[in-house]
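# Summary of structural features
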Amino acid sequence: MIQLNRNRNQEEAGSMGSENKTVVITGGTSGLGLAMAKRFKHAGYTVVIVSRNERENLPCDRFYSCDLTDPNARKDIVKRIAEDNFNIHVWINNAGIGVYALCEELSDKNLRKIMELNYFAPVDLSMQVLDILKKNNGSLVQICSVASQMPLCCMSTYSSSKSALLMFNESLRMETDVHLISVLPGRIDTGFSSRAVKVREVPDTPGNRSTSPDKLAEKVFNAVKKRKSMVVYPFWYRYVIFFSRLCPGITRSVSRKIWNLGK
Ligand SMILES: NC(=O)c1ccc[n+]([C@@H]2O[C@H](COP(=O)([O-])OP(=O)(O)OC[C@H]3O[C@@H](n4cnc5c(N)ncnc54)[C@H](OP(=O)(O)O)[C@@H]3O)[C@@H](O)[C@H]2O)c1
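As a starting point, this report considers the structure included with it. Values in this document were obtained by computation on a predicted structure and should not be read as measured data.

## Re the site of the ligand
Around the ligand sit 27 residues in total, of which Gly27, Gly31, Arg52, Gly96 and Phe192 are the nearest. Elements supplying a minimum of two residues to the shell around the ligand: helix H2 (31–42) and helix H7 (192–195). The greatest single-element share of the shell around the ligand, amounting to three residues, is contributed by H2. Along the lines of polarity and charge, the residues of the shell around the ligand split into nine nonpolar, 14 polar and four charged.

## Quick word on the packing of helix H5 (residues 108–135) against helix H6 (residues 156–175)
Any two packed helices are characterised by the angle at which their axes cross and by the distance between the axes. Their axes nearest at 9 Å, the elements H5 and H6 cross at an angle of 15 degrees. What the angle tells us is that H5 and H6 run roughly parallel. The chirality of how H5 crosses H6 is right-handed. Contacts from Leu111, Ile114, Met115, Asn118, Tyr119, Pro122 and Val123 in H5 reach Thr157, Tyr158, Ser161, Lys162, Ala164, Leu165 and Phe168 in H6. Residue composition of the contact of H5 with H6, by class: ten nonpolar, three polar and one charged.

## Examining the environment of Leu68
Following the sequence through the fold, Leu68 ends up in the loop between strand E4 (62–65) and helix H3 (71–74). The class of Leu68 is buried, set by 24 C-beta atoms lying within 10 Å. In this structure the C-alpha to C-alpha distance between Leu68 and Thr251, which are 183 residues apart in sequence, comes to 34 Å. Apart from residues lying up to four places away in sequence, Leu68 is in contact with Thr26, Arg74, Ala95, Leu117 and Ala121.

## Concerning unusual backbone geometry
Here the amide bond leading from Tyr233 into Pro234 is cis, since omega sits at -10 degrees, within 30 degrees of zero. Among the secondary structure elements, Pro234 is positioned in the loop between strand E10 (230–233) and helix H9 (237–246). The phi dihedral of Asp76 falls on the positive side, at around 70 degrees, and the residue is not glycine. The class for Asp76 is partly exposed, based on 13 C-beta atoms found within 10 Å. Positive phi, normally seen in glycine, also occurs at Asn137, with a value near 55 degrees. Inspection of the secondary structure assignment puts Asn137 in the loop between H5 and strand E7 (139–143).

## Re H2
In a regular helix each residue adds 1.5 Å, so twelve residues correspond to 16 Å; H2 covers 17 Å between its end C-alpha atoms and thus fits that length. Most of H2 sits inside the fold, with nine of its twelve residues counted as buried. When H2 is considered as a whole, its buried residues turn out to be Gly31, Leu32, Gly33, Leu34, Ala35, Met36, Ala37, Arg39 and Phe40. Phi turns positive, to about 95 degrees, at Gly44, one or two residues after H2.

Procedures and definitions
Numbers given for residues are sequential positions, taken from 1 along each chain in its written order. In keeping with the predicted nature of the model, local features appear solely for residues at pLDDT of at least 70, side-chain atom pairs appear and are counted solely at 80 or more, and the whole-chain, interface and lining totals rest on all residues. Using a C-beta atom placed from the backbone, a residue is scored as near a molecule or strand whenever that atom is within 6 Å of it. For helices the rule is a DSSP run of H or I covering at least 4 residues; for strands it is a run of E covering at least 2, with both sets numbered from the N terminus onward. Here the nonpolar group is Ala, Val, Leu, Ile, Met, Phe, Trp, Tyr, Cys and Pro; Asp, Glu, Lys and Arg are the charged ones; every other residue, Gly included, is treated as polar. To define axes, lines are fitted to C-alpha atoms, for helices over the stretch in contact only, and angles between the resulting N-to-C directions are given on a 0 to 180 degree scale. Convention used here: angles under 35 degrees read as roughly parallel, angles over 145 as roughly antiparallel, angles from 65 to 115 as roughly perpendicular, and any remaining angle as oblique. Each helix crossing is assigned a hand: it is left-handed if the near helix lies turned anticlockwise from the far helix by less than a right angle, otherwise right-handed if that turn is clockwise. A pair of residues counts as a contact when their C-beta atoms, built from backbone coordinates, are within 7 Å of each other. In this scheme the burial state of a residue depends on its C-beta neighbours within 10 Å: 20 or more other such atoms mean buried, 12 or fewer mean exposed, and anything in between means partly exposed; the C-beta positions come from the backbone. Multiplying one less than the number of residues by 1.5 Å gives the expected span of a helix.

Written as structure tokens, this is what we have:
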């Protein structure tokens, strides 16, 4: 169920923000989404957050509670936000969840839950918001992952969901004039792994202690401003992706070693 958790009158909602623009961020209550909410708020945007649980002192003008894995709950959410007089200029599909399990360990329930949140929800929301963004010369941002670009042990569903989202966005780019951004973050220090569905514990690798979400939020903000089409951050992950394609055997051995799967 979508609930309106704060009451602001329509005029107030429409006139807020020095740029008089509205950004909607799914999953804006923690990690990367929260960092982006702060960054856009700092720039004078009206910020709307959509996720399940409202928290204290969120940097937003309106919070909509919605479990995005529920197709009925997310139905018409864009229309409802627009009816509340938020004129949407930037929509960021950020809410997502990880899963760590061997392919053979995955339950059907988990598989469908991850795909629903990481793929079907952003696709559904993108199609709801496209006409508004077209009218406003706005931007649609999909938070994908570098994992969308290379197979890794214990991440089949997560990688598949993000690679499907990336391919959706890049295909949509062929069909529309709306400004689209595909964002491929590497490891970002948000506690994401601790909230993932874990059939297996995530091994502690150097990549676990990595980049602050604020830096990626800055990159996304600049990509919207400069109308870029892709962000890969940290930048050196481009080389990791390239290497994994050039040397799939070594990538396989390293990934198996990290997860203690033998040779
Ligand atoms: N952190 C990384 O290393 C990393 C790397 C690559 C890509 N990414 C991607 O970046 C995005 C953000 O990740 P993060 O690290 O910031 O994760 P996070 O800190 O766990 O934040 C996830 C956000 O999604 C919301 N959410 C989770 N389930 C939801 C649901 N069913 N319906 C609505 N909202 C839901 C959460 O709020 P509620 O729990 O209140 O709903 C929260 O605001 C994800 O798409 C992730 O796949 C992250």
